[in-house]
Amino acid sequence: QVQLVESGGGLVQPGGSLRLSCAASGSIFSFTGMSWYRRAPGKQRELVARITSGNMTNYADSVKGRFTISRDGAKNTVNLQMNSLKPDDTAVYYCNADRRSLGVPLAYWGQGTQVTVSS
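What counts, and at which threshold
- Think of each chain on its own: its residues are numbered from 1, step by step along the sequence as written.
- Local features are withheld for residues below a pLDDT of 70 in this predicted model, meaning they are given only at 70 or higher, and side-chain atom pairs are given and counted only at 80 or more; totals for whole chains, interfaces and linings count all residues.
- Where side-chain values are given, they derive from all heavy atoms of the structure, hydrogens and water being excluded.
- Just to be clear on terms, a salt bridge is a Lys or Arg side-chain nitrogen sitting within 4 Å of an Asp or Glu carboxyl oxygen.
- A run of H or I in DSSP becomes a helix once it reaches four residues, and a run of E becomes a strand once it reaches two; helices and strands are each numbered from the N terminus.
- Under the scheme applied here, a residue whose accessible area is under 20% of the maximum for its type counts as buried, over 50% as exposed, and between as partly exposed, the area being computed with a 1.4 Å probe on protein chains only.
- We call two residues in contact when some of their heavy atoms are within 4.5 Å.
- Whenever two N or O atoms come within 3.5 Å, that pair is a polar contact, provided that in protein one can donate a hydrogen and the other can accept it, and provided that, for residues adjacent in sequence, both atoms are side-chain atoms.

**Student:** Please explain the pattern of salt bridges as it appears in this structure.
**Tutor:** Charged atoms that come close allow side chains of opposite charge to pair. Summed over the entire model, instances satisfying the criterion amount to five salt bridges. Two residues, aspartate 98 and arginine 50, come together in a salt bridge whose shortest N-O distance is 2.6 Å. With aspartate 98 in strand β9 (residues 91–101) and arginine 50 in strand β5 (residues 46–52), this pair connects stretches of sequence that are 48 residues apart. Put simply, aspartate 61 and lysine 64 hold a salt bridge, and the shortest N to O gap is 3.1 Å. Pair check on accessibility: aspartate 61 and lysine 64 agree, each one exposed. It is possible to trace a salt-bridge network through shared partners that takes in Arg38, Glu46, Arg66 and Asp89.

**Student:** Sorry if this is basic, but what is going on with the environment of asparagine 79 here?
**Tutor:** Note on placement: asparagine 79 falls in strand β8 (residues 77–82). Each C-alpha atom, one on asparagine 79 and one on serine 35, is 9.5 Å from the other, the two residues being 44 residues apart in sequence. Excluding residues within four positions of it along the chain, asparagine 79 makes contact with Arg19, Leu20, Ser21, Trp36, Thr68, Ile69, Ser70 and Asp72. Side-chain polar atoms of asparagine 79 contact the side chain of serine 21, separated by 2.8 Å.

Here you go:
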């Protein structure tokens, strides 16, 4: 059973920075990709950033140039560095990992970590 545990959320002022981490119970290289999603109050969950096993990344337009996703294979973590935070970034952030097993797509989710951007 894969477990993903997020950390690093909290309260930050507009313009500030936070770094989220997602610790996986197994090797992160066993996954096709790992992603960060978020769900803001009253809104649908949206993809924030994704990194593949080949180290390719993609970002939501709203966070390009401000957020950076990265992997640390030694620690089995995927990180999200968030800079120049805005109140619109306020949401619960979820870590996601995906892979295929015998052709069946599998997805795993963490419990989420709250990020609040407010003065």
